[in-house]
Each structure stands twice: as structure tokens, then as C-alpha cells.
Amino acid sequence: MTESPIREPLVTGKKSYAQVTDDVLKPIVSAPSKEWWFAFLISATVMMVGLGCMTYTVFTGIGTWGLNKTVGWAFDITNFVFWVGIGHAGTLISAILLLFRQGWRQSINRAAEAMTIFAVICAAIFPGLHMGRPWLAFWVLPLPNTHGPLWVNFNSPLLWDVFAISTYFSVSLIFWYTGLIPDLGLVRDKVTNPIQKKIYSILSFGWTGSARAWHRFEITSLVLAGLATPLVLSVHTIVSFDFATSVIPGWHTTIFPPYFVAGAIFSGFGMVLTLMIITREVLDLKNYITDGHMDAMCKIVIATGSMVGLAYTTEFFIAWYSGSIYERFTFINRAFGPYWWAYWAMFTCNVFSPQIMWIKSIRSNMKLVFIISLLVNVGMWFERYVIIVTSLHRDFLPSSWQMYYPTWVEWGTMIGVFGIFFTLFLLFARLLPVIAIAEVKSIMKVSSDEAKEKNTHSYASGELNVNVAHSPDNQKF
Amino acid sequence: MGEQHHIEGNIQEKYSLDDQTKKYILGFIGGGLLLVIIGIVLAMVGGHDAGHGHGEHHGGLHTAVWLRQLFSNLLINTYFFAGIAILAVFFLAVKTVSNAGWYVVIKRVPEAISEYLPVGLILLGIVLLGGLFSHSLYLWSDEEALKADHHYHVIKEKLGYLNTGFFVGRMLLIFILWIVFQRMFMKHSIEQDNPATVMSSFNASFKTGAIFLFVFAITMSMAAWDWFMSIVPAWFSTMFGVYIFASSWVSFLAMATLIVLYLKRKGYMGYVNENHIHDLGKFVFAFSIFWTYIWFCEYLLIWYANIPEETFYFYNILHSPLYSTIFVGKFLINFILPFFVLMTRDAKRNMKTLAIVCSCVLFGHWLDLYIAVFPGTLTHEGIFGPMEIGMFLMFFGIFGYFVLNKLGQRNLVPEHHPYLEESLHHHVF
Amino acid sequence: MNTKEIYGIYDDDHVLLDAVKTIRKKGINIKEAYTPFPVHGLDNALGIKYSRLPYVAFGFGALGTLTAFLMQYYMLVIDWPVNIGGKPHFALPSFVPIMFELTVLFASFSIVGAFLVSNGLYPGKEAKLIDPRQTSDRFVLVIDTPDNQEDIENVKNLLKNTGAITIKEEEKESNKKEVAHA
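Residues numbered from 1 in each chain as written. Chains lettered and ligands numbered in written order. Predicted model: local features only at pLDDT ≥ 70, side-chain atom pairs only at ≥ 80, totals over all residues. Heavy atoms only, no water.

**Q** So what's going on with the overall build of chain A? Which residues, and what values?
**A** The helix and strand inventory of chain A stands at 16 helices and 0 strands. Against the compact-globule benchmark of 23 Å for 477 residues, chain A has a radius of gyration of 25 Å, which places it among compact chains. Here the C-alpha coordinates of chain A stretch approximately 80 × 60 × 50 Å along the principal axes. Relative to its full complement of 477 residues, chain A shows a buried share of 61%. Within chain A, residue pairs in contact and separated by at least 24 positions form 81% of the contacts whose partners lie at least 6 positions apart. Per element, the accessible surface of chain A, about 18200 Å² overall, is 70% carbon and sulfur. Once the 32 positive and 27 negative side-chain charges of chain A are each reduced to a mean point, those two points are 4 Å apart. (Helix = DSSP H or I, 4+ residues; strand = E, 2+ residues; numbered from the N terminus. Rg over C-alpha atoms; globule rule 2.2 N^0.38 Å. Buried < 20%, exposed > 50% of the residue type's maximum accessible area, 1.4 Å probe, protein only. Contact = heavy atoms within 4.5 Å. Areas by Shrake-Rupley, 256 points an atom, 1.4 Å probe, with all protein chains shown as cover. Lys, Arg positive; Asp, Glu negative; His and termini not counted. Charge placed at Lys NZ, Arg CZ, Asp CG, Glu CD.)

Below is the structure:
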């Protein structure tokens, strides 16, 4: 392995391996700080509000929501798609960037994967509630009907969703856990409290770090990455099928699959930025999640934000180009109809706001990046709202044209789910190593600041180690 | 191979076109030309006269069949290779922006491919203009035929976009932007051969790459709509730009891999080890899957919703014995073959296997363009014969000559590139 | 046959890698190495063969595809055909998403399962550590103790010369005794 000295170091502070262990495990070994308790209590309170609204919905029925005959999907599905989208960045970082050998992923993949799992849990709540009778949720499984073998409808994209989301959740979970095993072994050997030691000992599966185990570990990670990459594409593709297989103008458009995937990565990176800016500050991990890491993520946000912008314009143009009056009406109505504010909020947050990060000084100002990352989250929420509500509220029959107004129950559920998400993330940050310690250590010899300094001299003065003899007969073909 | 400290080959070597290769290229061009002439004669003798289709229910272009066939072939092949060249610029931009290091030892190959761009675009421009003014490619360009077409009521809504003046304007804009960025990348590349300017140019190339990617996203979609989607002017699909991009991208990857393998076979590039080959193989493998994903999603959504405004496009393809065979065939060549053959690590590292798969995939994506053009220009009179094969061989020869010639003009390795050392020591698990 | 093992404990991965190469060049077999993270090139240096785990994933993946196809075909075409939107009962394009998902599901679970089984890992298994810091910042080489004393000294000297900071000799099971310090 050789790395060019002009690449920015991925680990700074001249750390030794033991220091890396201590730095990352500090929150697990020590008692939680006041700030942590403060954040945890707020999140848990918000979570309780959400759970209350959900309980109310389940006991009373979804008549407590603002849905009507025309707008049958609104906050519920908007939030579902929003949270599934958030989850995508985790798999992108852990799988796609692993395949593309982007070394900077090592310090953020653990937290991003955890975020994926929590986001998918949050997402699954919404279709569950929307069923109205969640205790009958097992009806989505291919089980024979009690009145005879009437099966589920495999032609329905909603059923594809069931398979896609459950596969995505379980595969992300085992991918994440497999990656955690070596670090859990480290935690087990580091903690002193006997109860903690016992728990981490069970969780670490008896990991000792033999060379053969590492070899298999790396191969398993690669294969899982190879599987997770098309999986992550398929999940948001299938979510987009929920809309695009229909004949509703504004929903049925062939670019939806890649456009949803790009949007998901965009929103996911927005959320990763939000979380990482706080995490590296609070847990004191700036030597591992460096400014270079933040810069790389900002660039991905610019790229995916532009892709989303391209998709918006493409849709708008093709709606006109189609020559179909219904297509044309839907898009004019989106931008200038009663929900114009949602459309322009989406456009401003998603397409315009990331573009200012082309300027380096803005990318390196963490306060501004934090604000932009929040705007991206808001914008992507509005994107789903625009797609769902504005396409539905103008029905084929003008007599059924209706507006949609969310109720306090829907607001409460939506906010409460953020509480669930942050509560889970805060617990994760206390109980498990937020950085993949083994993976970070494995790149330190080539990518840390110390290694860079050592190599620069030999690189600058040394001749290339190349055999000059040109030997055409030596080639194997 | 674990840690490699010893690197084979000479990094100061230069490529030169040998006689054997020259003979092959001449053979391709000559043989291709012969087949094209045979094809034209056959089409003129056996084909229908001008004016066929007047007032008939299927509508379409009125120009003589042989002329439409000729222009369809010219469009496919001029775009196919120009598309490979612009995707070479895209490759350079992506690798620059993503800070990749492994590709440096093969960097000259995409650079040489991109040098074909000006030639390719001039040829493409001539074909587009010729097709436009002889009414042999675009139904919307022929008022008389258009009014007789049963989709006229839809197409007339789009004439604000689909008209000769605007079309030519957009074409020139796309050409100019593409050539300007190609020249900028070459300028960076030449500056990076000079130790005094290498770092400043290297840093500046990030900006060029980022801006190009932005421009490329828009121009590529526009090119796909204008040159291919508007062949069936009543039809529309928002995915189409992505689809043509995916097709050309895999063509480029296969072509670049083939050229690297050719150079290795000729005894050059000893420093390109099996890890680099593995990476190229992974690219072909992964983006073959990506292409299939785009292709399948577009088809599935149109098939599923079954709206007549869209479905007729695939209906016409699937109800023609020739087109449906090619439609299914390209799926087999572009997905099943690379997926199953290149799945294992060993296959991606085996140069012979990789060369065979890349050749097939290259042809498979040429078929993508066939399906994008022929069902629109020739409707039910579609044909696959000597002209199609001949034209491909001919352009392949021309492309090969230009690219290999450019490859010989500079050292095969950018000696002063800051990531060269990384690339020479490249090792993948 | 001796029932003891010699452990060489190192504190740096590059030193370890060079040590492995030197020791193996002398014809001494290294039984196992323990490292806190995957050391790049160590598997090759130790002569570990490329694992066949991916084949497990491929086999089960294919099984997943087949399962999904047969399940949908049986339920929609054979057992209870229903007219859905005028589509044919055997609507292949809409079978594809679930075929894909089950392929990935089966392949992923099988490779993780195979990974755990081949390494003998399971919840609650007791980890037998040679050095308490081997999961953090110590690297351990394990060599079978040779039969005669001269060879034992040779191995120990070799470990010491290649940079081991601690050298231990122990019964394979337990019975600890520190032999030498660097």
C-alpha cells in the first residue's frame, strides 16, 4: 500500500493504536455527561409524545388524521419515504464507498449504518399505522387466507415494498453487526465493570482477531458490500414504484427510480452531516472525523443535490414535451397552484442551498454546513410532500378536488418519530463504539498525519522503484 | 501478490502503431466499406421506392428506405464512437473529482479515446444535418410526412422544441461545450507532464472536472432527447437521457478495457498488473448491472402503467420479430453474459475472459442504439444485414486508427502525476 | 510431540509483517497470528488461501432467486390465479423485484452464517486471549514449540531479533509461565 503524500490525512493528532482505542471508547467506559442526559431526556420526552399520538391513532382509527377521499396519502407516506431515504446514506457509505475504496468512509461508516437501521425502524412505523389495524400486519405476508388459498398480490408494488424494506432492514442489521464484532471484542477487553464485561463478552461472539478470521471478515465485508449496493438501489427504486407504476400524472414518470435513489442519498448525507457535526464535537472525535471528512461529504451533497435538481427540471420539461394536457397541468399546478410554497421550499432547499457549498470557505464553516444540512433535510421532506399531496389533491374529477390539512395527531406522530430516532442514536453513542476502530487503525499506517510526514521525505527524494528493462516477451495474456 | 515493491515494465515507454495493427485497421475500413456498398445496392434493388407509406395507417417517414437505412446506420455509428469519446472525458472528470489514484497508469487510454471527440462530433454533425435536410431521420423535420402521421395531434404540441433551427442551435451548443472541456482536460494533461506546472494544473483540474460534470449532466440528457428520443417524436420517457448515458458509459468502459488489454498483448504496459485489470473488470461488471437496472425500470414502469401514449413504443418493438429478437438479445449480451462470467474474482483478473466479455458487451450496447433508432426510422421495414455490420466495422477502424495514433504521440505513462506511485503499487483485495 | 506453544508479541504491524516473512523464510511454520485489525498483506505473508466464502453466497443467492420465482409462480399462476389490472397471470416483470430481494436476503444471511461457523464464533463464546491487549494494540504470533531445546532457543531468538517485545512459552491449554522478556 502506498499513498500519495498530497492526500489529506484521515487521522490527525499523531495517535498511537492505544490512543485510538481510548479516544473512541471513552463514552462507553466513562459515565454519561450532563449534556448527554439533557439531550437524552429531551429526545425521550419527544418520543413519548409520538408514542402517545400513535396509541391514540391505533385506538381511535386513522380518522384522526387529515386524510380525505382525494388525498389518501399525505403525512404518513411522506414521512415513510423521508425516513427510508435517510437510511440510504448509511449503506452508501458502508457499501458503495467501500467498493470504491474511499478511505475517508472508515471513520463515519459505523455511525451512518446505525443511522440507517434507526431510520428504517422509524420508516416502518408509518405504513404500520396507516394500516389502521396494525395487529393484522401479518396479512402482508404470503400466508394462505383463512377462507382458502387466496394469496397476497405479488403484482403490487406495495407488497414489493414489504419484501424490500424487510430485506433492507435485516441485511443492514447483519452487515452492521458483523462489522461491530471485532470492536465489541475490544470493548469486552477494555471495560472493567463485571456486568458490562459479561454483556460485551456475549455480544462479541468470542472474537480474538486471528489472521484467518480477519481474512474471512474482509471477504465477508466485501461480499456484503457487493450485495448491499444493488440492494440499496432496489429499496428506493421500489419505493418509487409505489408511485411510478400508477397512472397519476406527476407520479407516473420513468425517471423516478434513479431520481429517488439520488434524492435518498442526498437526504441521507444531509442527516449524516447533521449528526456528525454534533457527534464529533460532543464526543471529541475531531481527529478521526476530520475537516477533510466533512469536506468530502459536502461535495457529495452538492453532487446529489445537483442530480436531484436535474431530475426536477427533466420532469418539468418532459411534462411539457409529452404534449399531454394532464401532465402539463400537474406541473404548472405544482409550481403555481395552492401548494406553490411547498414546491418552492423544496426547490430552494434542495437545489439552491447546497450550491453555495461550491465555495470552499463555506464548506469549511461548520455552522453554515450545519444549517445547510438542516435545510437539505427540510427540502427533502417537502419533496415527498410535493410529490404525494400536490399530485393527489387535483383529482381526475374536478368535483373531488380537495385540500389536505394535517391534524395535531399527525404533527405529533411526525415529531415524535424524530424523538425515537434521536433517542436510539444517543443510546448508540453511549453503548457502542461510534467509530469502526479496527478499520480506522488499519488505514493509519498509510493515511494518518504521522505516516504522511514519514513518507513525504522518501517520496520527494527517492527514485521510482521501477525496473526499466522493457520486456515484451514477458507478458502473460 | 502481497506487497509489491517490484514493478515490471518501463514507465518511459512510448507506443507506436505496428504494421500488423495497421493491416487490421485497413481491413476493417476496407471490408466495412465493401459491405456497406453491398448493403446499399441490396437496399436500392430490393427496397421500396420513395413515397412508400403515403396515407398508410402506420405513418412514419416518406423518404426512400435505403436512404433512411443509410442515415440510421450513420447516426448509430457516428454517435456510438463519439459517445465513447465524451464518456472518456466523463471518466477523466469523475476520477479527478473523486481523487482516484489507481487509474493513473492507464490514464493515457481514456485521454487518447477522448481525442477522437472533435473528429467524431464533426462526423456526427454532418450526419445529423444530412438526416435532417434529407428527411431521413426525424419525422418532425418533414412537414408533409408529419401531417400524415396519426400521432400528429400530439407531435404538433412539441414543435416549439422540435424544429430545425432550435435543434441545430442545441446541437452546436452541445458540440462546443463538449469540445471545450475535452481540450481543457488535454491541456491539464500536457501541463501535468511538466514537473514545473504539474501541481498547479492538478489542483486546477478539480474545478474543470466539477464544472464539466455539471455541464455534462444537462448536455447529455439533451443530446439523448434530441438525437434519439425525438426519432419517435410522439413518445417520451424521463429516463431516456439516463438510459443513453448508461449505454455509452458501459461502451466506453468496455472499449478502454479492450485497448488496455491490446496494449498489454503488444508488450506494453508491463506495470499494469492484474489488480488494475481487476478494477477495470469490476467497472464493466458493475455498470453492466447499472445499465440493466435503468433498462428494466424504464420498461417495467411503461409496461406496468400501460398508458397508450407510452406503451406503443415497446409494443412496436416487441411485435416485430427482428426488433424483439434484438431487444431480448441485448439483454442477454449486456446483462446475463457479464453478470455470470465476470462474477468471480478470477474471471475479472483473467485477461482473455475479460477481452471476450468486453467485445460482446461493446457490440451489445451498439445494439442499444440500433433499437433506439431503427424502429423509429424504418418502422416495420427494419433490417439487419451487410450495411449494419459493414458500417460498424468501418467506423471501428476509423476510431481505432485515430485513437491508437494519438496514443503513440506521448509517453504511455504520465510520469509526473502525483498519484503515479499509488497507481504503480496498486493492490486490491 | 510437544504440547507447548511459543508466543511472540509485537507492538507494530509493519514489524509484525516483516517478522512473519523472515520467520517463514527460515522454514518455521507460524500456526496463527492475532491482530487488533486486519493487517494489509498479512494473509498473503502467512500463506492463507483465498477463502471460498463467496461461493456460499452465490449458491444461496441462486436458491433465493429460485425460491422467489417458484413461490410467486405457484401462488399466482397455479394455485389461485387472479386477474389484476388485465395483466397476464404469469407477469414476469412484476416477479423481478421480489426475486431480487430474496436473492440478496439469502446470499447475505448465508455468508454471515458461513463466516460465523467457519470462525467458530457464537454468542457467549469465551474468548481465549494470549495477551489482554491483542484486540487493541498488540500483535501475537503463535508457533508450535519444537522438540529439542536448541530449536526452541532458535525460535525465541528469531522472535526477539524480529522485534518481539515479549516472548512467552505456554502449555496449549493454560498453565502460564513467563519465560523471557525482551
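Continuing now.
**Q** Explain the interface of chain A and chain C to me, and be specific about the residues and the numbers.
**A** Of the residues lining the interface, 55 residues belong to chain A; the matching set on chain C comes to 65 residues. Contact between chain A and chain C buries roughly 5400 Å² in total, counting both sides, with carbon and sulfur atoms accounting for 70%. When the area that chain A buries against chain C is broken down by residue, the three leading residues are F154(A), N155(A) and F205(A), summing to 12%. Applying the counting criterion to the chain A and chain C interface returns 1 salt bridge. (Buried area = accessible area lost by both parts, 1.4 Å probe. Salt bridge = Lys/Arg side-chain N within 4 Å of Asp/Glu carboxyl O.)

**Q** Go over helix α1 (residues 17–29) of chain A with me, naming the residues and quoting the values.
**A** When the terminal C-alpha atoms of α1(A) are compared, their 17 Å separation across 13 residues agrees well with the 18 Å that a helix rising 1.5 Å per residue should span. Of all the bends in α1(A), the greatest reaches close to 35 degrees and is centred on D23(A); the proline P27(A) follows between one and four positions later. Contacts made by the buried residues of α1(A) are with α5 (157–190), α6 (194–203), α14 (408–431) and α15 (437–447) of chain A together with α1 (13–25) and β3 (139–144) of chain C. (Expected span 1.5 Å × (residues − 1). Bend = angle between axes of the 7 residues up to and from the residue.)

**Q** Describe empty space enclosed by the protein, with residues and values.
**A** All names here are of chain B. In the structure shown here, the tally under the stated rule is 8 cavities of 30 Å³ or more. In this model, the largest cavity occupies a volume close to 120 Å³. Considering the residues around the largest cavity, the lining is formed by 16 residues, among which T96, Y103, K107, Q192 and S205 are closest to the centre. When residues of the lining of the largest cavity are traced back to their parent elements, those giving at least two are α2 (65–97), α7 (164–191) and α8 (198–228). Class assignment for the residues of the lining of the largest cavity results in 6 nonpolar, 7 polar and 3 charged. Listed by contribution, the elements that provide at least two residues to the lining of the second largest cavity are α9 (240–265), α10 (274–305), α11 (308–318), α12 (321–341) and α14 (351–377). Split by residue class, the lining of the second largest cavity holds 10 nonpolar, no polar and 3 charged. (1 Å grid on protein atoms, 1.4 Å probe; cavity = no way out; pocket = protein on both sides within 12 Å on 5 of 7 lines; lining within 4 Å. Points joined across faces, edges and corners; volume = space filled by probe spheres on them. Nonpolar A, V, L, I, M, F, W, Y, C, P; charged D, E, K, R; others polar.)

**Q** With reference to specific residues and values, describe the interface of chain A and chain B.
**A** Contact with chain A, which involves 56 residues of that partner, is made by 70 residues of chain B. Here chain A packs against chain B, burying approximately 5500 Å² in sum over the two surfaces, 66% of which is carbon and sulfur. Where chain A packs against chain B, one counts 1 salt bridge. Here chain A and chain B share 10 residue pairs in polar contact (both at pLDDT 80 or more) between them. Considering only residue class, the side of chain A that touches chain B consists of 28 nonpolar, 21 polar and 7 charged. (Polar contact = N/O pair within 3.5 Å; in protein donor to acceptor, adjacent residues only side chain to side chain.)

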